Amino acid sequence: MKQRPLSPHLQVYRPQITSVLSILHRITGAGLTGGLLLLGWGIWSLSHSAEAYQCFTECMAHPLGKLVTIGFIWALCYHLLNGIRHLFWDAGLGFKMAAVNASGWVTVIASFVLTAVFACLYFY
Amino acid sequence: MTESCGKTHKKIETPLARAKGLGSAKSGYKHWWMQRVTALALIPLSVWLLFHLPNIFTASYAEAQLWMSDPWNAVTLLLFLWAAFYHALLGLEVIIEDYVHCHVGKPVMLIFTRFLFLGAGVMAVYAVLKINFA
Ligand code: HEM
């Protein structure tokens, strides 16, 4: 392809709640697909043998495994809440700037609160 | 002008095209629509999973087996797996289509992703059924 000059793109804009939450939806969605494969490994190991399952849970109990688990919880909470915003928009609702900003902040704050609650539920 | 749901639309497609849901691209509508349908299904299913995940991630072998043998848990997990793997594959396809422009790399990645997620999805479903029926 011929290299042509491009007009200024995303990097010239100051980050805003709308654009940041939008790209986070994509990032969490991609991350969750990895989480899904992880869940598949867990279910597969459980069906295979006690040893295979123990190997899986030991990985999950490792500090790194716990970090991945907490990351998975947050990604799911965020993507779930923001996904609900998306579905409202698809239905033609919630497009006023005030509503977009308010639902955005609720999503961010609720995703962290829920992550803290579920992390406690999982590890204590 | 045509009437639908009390709203007036500019008539830019034939009634047949409209009924089939096909836009000018001829395909893709179903992709977009199923992303939404699976998202809707995933709202209750993901909430359920968040409460039940420790039964797979941190439980002992006996506890996890017992949990998975409960018919309601098995059925709900199967529904989650179906919706989530379908939704994940649709979503990844959109991301690849957006970012990969190479005429060789794009179809290769799309096909690989499809094989990977269909394969992993079938393996996960098979494993749940095996625990319950083997
Ligand atoms: C394991 C669970 C999930 C995975 C792996 C996943 C993955 C993805 C991916 C990869 C995308 C594409 C992102 C993009 O195009 O930018 C996506 C989009 C989407 N997801 Fe999910 N998702 C999951 C759960 C959910 C849940 C629970 C909801 C609930 C509402 C949801 C709602 C949506 C919506 C509405 C879109 C379309 C967004 C758009 O068009 O930009 N997802 N998901």
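Refer to the structure above for everything that follows.
Procedures and definitions
- Residues numbered from 1 in each chain as written.
- Chains lettered and ligands numbered in written order.
- Predicted model: local features only at pLDDT ≥ 70, side-chain atom pairs only at ≥ 80, totals over all residues.
- Heavy atoms only, no water.
- Helix = DSSP H or I, 4+ residues; strand = E, 2+ residues; numbered from the N terminus.
- Buried < 20%, exposed > 50% of the residue type's maximum accessible area, 1.4 Å probe, protein only.
- Areas by Shrake-Rupley, 256 points an atom, 1.4 Å probe, with all protein chains shown as cover.
- Near = heavy atom within 4 Å.
- Polar contact = N/O pair within 3.5 Å; in protein donor to acceptor, adjacent residues only side chain to side chain.
- Nonpolar A, V, L, I, M, F, W, Y, C, P; charged D, E, K, R; others polar.
- Phe/Tyr/Trp six-rings, centres within 6.5 Å; stacked < 30°, edge-to-face > 60°.
- Expected span 1.5 Å × (residues − 1).
- Contact = heavy atoms within 4.5 Å.
- Buried area = accessible area lost by both parts, 1.4 Å probe.
- Salt bridge = Lys/Arg side-chain N within 4 Å of Asp/Glu carboxyl O.

(A) Broad picture of the overall build of chain B. Helix and strand counts for chain B stand at six helices and two strands. For chain B, the N- to C-terminal ordering of α and β elements is β-β-α-α-α-α-α-α. Looking at chain B as a whole, 36% of its 134 residues qualify as buried. About 8,400 Å² of surface is accessible on chain B, with carbon and sulfur atoms providing 71% of the total.

(B) Quick look at the site of the ligand. Residues in contact with the ligand amount to 24 residues; listed here are only the nearest, Arg26 and His79 of chain A together with Arg36, Ser46 and His87 of chain B. Near the ligand, the surrounding residues belong to chains A and B. In this structure, a nitrogen atom belonging to the ligand sits 3.4 Å away from a side-chain N or O atom of His25 of chain A. One of the side-chain nitrogen or oxygen atoms of His87 of chain B is found 2.8 Å away from a nitrogen atom of the ligand. Going through the elements one at a time, α1 (17-48) and α3 (63-90) of chain A together with α2 (29-52) and α5 (71-99) of chain B are the ones with two or more residues in the shell around the ligand. In terms of residues, the shell around the ligand owes the most to one element, α1 of chain A, which gives seven residues. Its residues assigned to classes, the shell around the ligand comprises 12 nonpolar, 10 polar and two charged.

(C) Expanded view of the packing of aromatic side chains. For the structure shown, the criterion picks out 14 aromatic pairs over all chains. Each ring, one from Phe56 of chain A and one from Phe57 of chain B, has its centre 5.5 Å from the other, and the planes form 80 degrees; the classification is edge-to-face. Placement of Phe56 of chain A in helix α2 (residues 50-61) and of Phe57 of chain B in helix α3 (residues 54-57) is noted, with the two residues assigned to different chains. By relative accessible area, Phe57 of chain B is classed as buried at 2%. Ring plane angle 25 degrees and centroid distance 6.0 Å describe the contact between Trp48 of chain B and Trp67 of chain B, whose orientation is recorded as stacked. With Trp48 of chain B in helix α2 and Trp67 of chain B in helix α4 (residues 61-69), the pair connects residues that are 19 residues apart, well separated along the chain. Residue classification places Trp48 of chain B among the buried positions, given a relative accessible area of 16%. By the ring-pair criterion, three or more aromatic residues cluster together here, those being Trp41, Tyr53 and Phe56 of chain A together with Phe57 and Tyr61 of chain B.

(D) Examining α3 of chain A more closely. Helix length check: α3 of chain A (28 residues) gives 40 Å between terminal C-alpha atoms against 40 Å at 1.5 Å per residue, within 8%. Of the residues one or two after α3 of chain A, Gly92 of chain A is the one with positive phi, at around 85 degrees.

(E) Structural view of the interface of chain B and chain A. Each partner contributes to the interface: chain B provides 45 residues, whereas chain A provides 35 residues. A buried area of about 3,300 Å², summed over both sides, lies between chain B and chain A, and 80% of it is on carbon and sulfur atoms. Broken down residue by residue, the surface that chain B buries against chain A is led by Leu50, Phe57 and Tyr61 of chain B, which jointly contribute 24%. Counting across the interface, chain B meets chain A through two salt bridges. Here Asp90 of chain A ties to Arg36 of chain B by a salt bridge, and the two come within 2.8 Å at their closest N and O atoms. On inspection of chain B and its partner chain A, the count reaches eight residue pairs in polar contact (both at pLDDT 80 or more). Where the side of chain B that touches chain A is concerned, the elements lending two or more residues are α2, α3, α4, α5 and α6 (105-133) of chain B. For the side of chain B that touches chain A, the class distribution of residues is 36 nonpolar, six polar and three charged.

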